[in-house]
Amino acid sequence: MNIWVAVGLSIAVGFAVSYLSGFGLIPFLHKLKFGQTILDIGPSWHKKKQGTPTMGGFLFILGFAASLTVVLVTDKIMGGCLLVKGREMQSDVILTKIFSGIIFAAANSFIGFIDDYIKVVKKRNLGLTELQKTVMQLAVAVAYLFTLAKFAGVDFMWIPYIGIYKNTFLFWFIGIIAIYCTVNAANFTDGVDGLCSSVTSVICVFFAITAALRQLTGLSIVCCALLGALIGFFVWNRNPARVMMGDVGSLFLGGMVASFAFTLDMPWIIVLIAVVYVMEFGSDLLQIAYVKTHNGKRLFKMAPIHHHYELCGWSEKKICTVFSLIGTVGGLAALALVWFGRDM
C-alpha cells in the first residue's frame, strides 16, 4: 500500500470510529452513572463538571485499534508490509518494538481502568493509593524494557551527532525514569477540557514525522492511527467537555508516547516533543519542593501549571491553544536536532 494512502486511511478510520463511538458510549456511561468526581483541591469552577462521564478514553483506544487493524489488513490483502518497510532492520525487531509498545500502553490503561473503577463504582475519590499505582506502573515498565532488551536486542540509545551509544545501566536507569514520568505526566496534563487530547495530537504528529526521518514507516502509521483517534475524541472532549478520558485514557496515552520514543531508540526526545508533559509534571514537582522549603509558600498559584494559568484568568480553550503551540515549538526543535544530528 502506498504510504500516503496508509497515512490518510489510518487517520480517517481512527477519527471515524472514535467520533462515532461517542454516540453510543457516552449515553451508556451516563446510564451507568460513571461520572467524573471533582475534588475540592481543584479550581472551584470545575465543580460544574461534576458528573460528566469519565472513562471516555475507550473512545480513542477503540478508534486506534480499529484504525491499525483496517490499515494492516488492507495492506496485507494488497501484499504489502508497511510495518517493516523502510529502515534496514530485522522485521522481527521492528514488530517487537511496535507491538510490545502497544501492549505496554494497554497495560498502563488497565491500571488506569482499575483506578477509575475504584473512584466511580467503589466511590473512593482517590482511587488506587500512590504506592499501589507506582508499584504496578514500575512492574509494567520493567516488563516492557525487559522485552525490548531480550527480544529486540535494545539496550542502547541513539544520540544526535554521536550515533548509537550502548550502556546497559544507563538504558535501564533512564528508561524507568522516562517511562514513569511520561505516563504520569500525561495523567497530570488531563486537567482541562481538551488539553491532553490536543497536546498529545501534536505529539503524535511530530513522532510520525520523526519516525519517517528515521525510516521507520511502521511507527509513523501507528502514530497516525492514534492521531486520528484523538481528533475524533477531541470533538467530544473539547470545552465544554461531554466526556472525560479518565485514567484509562491518560495512562494509555502516556504509555504510547513513551513507547514511541523507545521504538525510535531515543528516550531523550520526550523532553522536546512532549515538552508540555514535562512542564506539567515538572511544575508539580517544583510546587511540592518550593512549599516544603519556603514555609508553605507557593511558587505557582496552583499546580500542575495549567491550573496556575486558569487562576490567572486564562480560559480552558486558550490554555489548550497556547500549550499546543508550545508543543509545536518543542516538536520542531526535536525534528531539527534529529535531522542535523543524523547519521551521515
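Reading the values: rules and limits
Residues numbered from 1 in each chain as written. Predicted model: local features only at pLDDT ≥ 70, side-chain atom pairs only at ≥ 80, totals over all residues. Heavy atoms only, no water. Helix = DSSP H or I, 4+ residues; strand = E, 2+ residues; numbered from the N terminus. Buried < 20%, exposed > 50% of the residue type's maximum accessible area, 1.4 Å probe, protein only. Contact = heavy atoms within 4.5 Å. Areas by Shrake-Rupley, 256 points an atom, 1.4 Å probe, with all protein chains shown as cover. Lys, Arg positive; Asp, Glu negative; His and termini not counted. Charge placed at Lys NZ, Arg CZ, Asp CG, Glu CD. pLDDT = per-residue confidence, 0-100. Core = buried A, V, L, I, M, F, W, Y, C linked by side-chain atoms within 4.5 Å. Axes fitted to C-alpha atoms, helices over the stretch in contact; angles between N-to-C directions. Parallel < 35°, antiparallel > 145°, perpendicular 65-115°, else oblique. Left-handed = near helix turned anticlockwise from the far one by under 90°. Pairing = 2+ DSSP bridges. Phe/Tyr/Trp six-rings, centres within 6.5 Å; stacked < 30°, edge-to-face > 60°. Lys NZ or Arg CZ within 6 Å of the ring centre and 35° of its normal.

**Observations concerning the overall build of the protein chain**
Scanning the protein chain for helices and strands turns up 12 helices and 2 strands. N-terminal to C-terminal, the α/β element order of the protein chain is α-α-α-α-β-β-α-α-α-α-α-α-α-α. Seen through its principal axes, the protein chain has C-alpha atoms that stretch 55 × 50 × 35 Å. When burial is assessed residue by residue, the protein chain has 52% of its 344 residues classed as buried. Within the protein chain, contacts between residues separated by at least 24 positions form 75% of all contacts whose residues are at least 6 apart in sequence. Of the roughly 15200 Å² that the protein chain leaves accessible, carbon and sulfur atoms contribute 69%. When the 26 positive and 17 negative side-chain charges of the protein chain are each reduced to one mean point, those points stand 5 Å apart.

**So, the confidence of the model for the protein chain**
Predicted coordinates in areas of low pLDDT are best not read in detail. Scored by pLDDT, the protein chain comes out at a mean of 91, with 92% of its residues at no less than 70. The weakest mean pLDDT in the protein chain belongs to strand β2 (residues 163-166) at 92; the strongest belongs to helix α9 (residues 270-273) at 98.

**Focus: unusual backbone geometry**
Geometrically, the link from Asn-239 to Pro-240 is a cis peptide bond, its omega value of -5 degrees lying close to zero. Its place among the elements puts Pro-240 in the loop between α7 (217-237) and α8 (246-263). Cis geometry marks the peptide bond from Ala-303 to Pro-304; its omega dihedral reads 0 degrees. Mapped onto the elements, Pro-304 comes out in the loop between α10 (275-293) and α11 (305-311). Unusually for a residue other than glycine, Tyr-161 sits at a positive phi of about 70 degrees.

**With respect to the nonpolar core**
In terms of nonpolar packing, the biggest core is built from 72 residues, with Phe-64, Phe-207 and Tyr-277 touching the most fellow members. Among residues more than four places away in sequence, those in contact with Phe-207 are Cys-223, Val-257, Phe-260, Ala-261, Leu-264, Ile-269 and Ile-273. Core analysis: the next-biggest nonpolar cluster, separate from the first, contains 19 residues, Phe-104, Leu-128, Val-154 and Ala-258 among them.

**As for the packing of helix α2 (residues 57-77) against helix α3 (residues 91-120)**
Between α2 and α3, the least distance of the axes is 12 Å, while the angle of their chain directions is 160 degrees. Our classification of the angle between α2 and α3 gives roughly antiparallel. Here the hand of the crossing between α2 and α3 comes out left-handed. The segment α2 lies against α3, with Phe-58, Ile-61, Phe-64, Leu-68 and Leu-72 engaging Phe-99, Ile-102, Ser-109 and Phe-113.

**Thoughts on the pairing of β2**
Where strand β1 (residues 156-159) lies against β2, 4 bridges are found, and the strand directions are antiparallel. Note on β2: the bridge partner recorded for Trp-158 is Ile-164.

**Points about the environment of Ile-111**
Following the sequence through the fold, Ile-111 ends up in helix α3. Using a relative accessible area of 2% as the deciding quantity, one classes Ile-111 as buried. Not counting the four nearest positions on each side in its chain, Ile-111 is found in contact with Leu-128, Lys-133, Met-136, Gln-137, Val-140 and Leu-251.

**Here's the deal with the packing of helix α5 (residues 168-189) against α10**
At their nearest, the axes of α5 and α10 sit 8 Å apart, and the two run at 90 degrees to each other. Here α10 runs roughly perpendicular to α5, going by the angle between their axes. Across the interface between the two elements, Cys-181, Thr-182, Asn-184, Ala-185, Ala-186, Phe-188 and Thr-189 from α5 touch Tyr-277, Glu-280, Phe-281 and Asp-284 from α10.

**Quick word on the packing of aromatic side chains**
Two aromatic rings, taken as a pair, are described by how far apart their centres are and by the angle between their planes. Summed over all chains, the structure comprises 18 aromatic pairs. With centroids separated by 4.6 Å and ring planes inclined at 15 degrees, the aromatic side chains of Phe-104 and Tyr-144 adopt a geometry described as stacked. Taken together, the positions of Phe-104 in helix α3 and Tyr-144 in helix α4 (residues 130-151) put the pair 40 residues apart, joining distant regions of the chain. Its relative accessible area of 3% is what places Phe-104 among the buried residues. Counting every residue linked through ring pairs, the aromatic cluster contains Phe-104, Tyr-144, Phe-171, Trp-172 and Phe-262. It is Arg-214 that lies over the ring of Trp-158; its NZ or CZ is 4.1 Å from the centre. The ring of Trp-339 has Arg-342 sitting right over it, with the charged end atom 3.7 Å from the ring centre.

**Concerning the side chain of Gln-287**
Within the secondary structure layout, Gln-287 lies in helix α10. The exposure class assigned to Gln-287 is buried, which follows from its relative accessible area of 8%. The residues touching Gln-287, leaving out its near neighbours within four places in the chain, are Arg-298, Leu-299, Phe-300, Lys-301, Met-302 and Ala-303.

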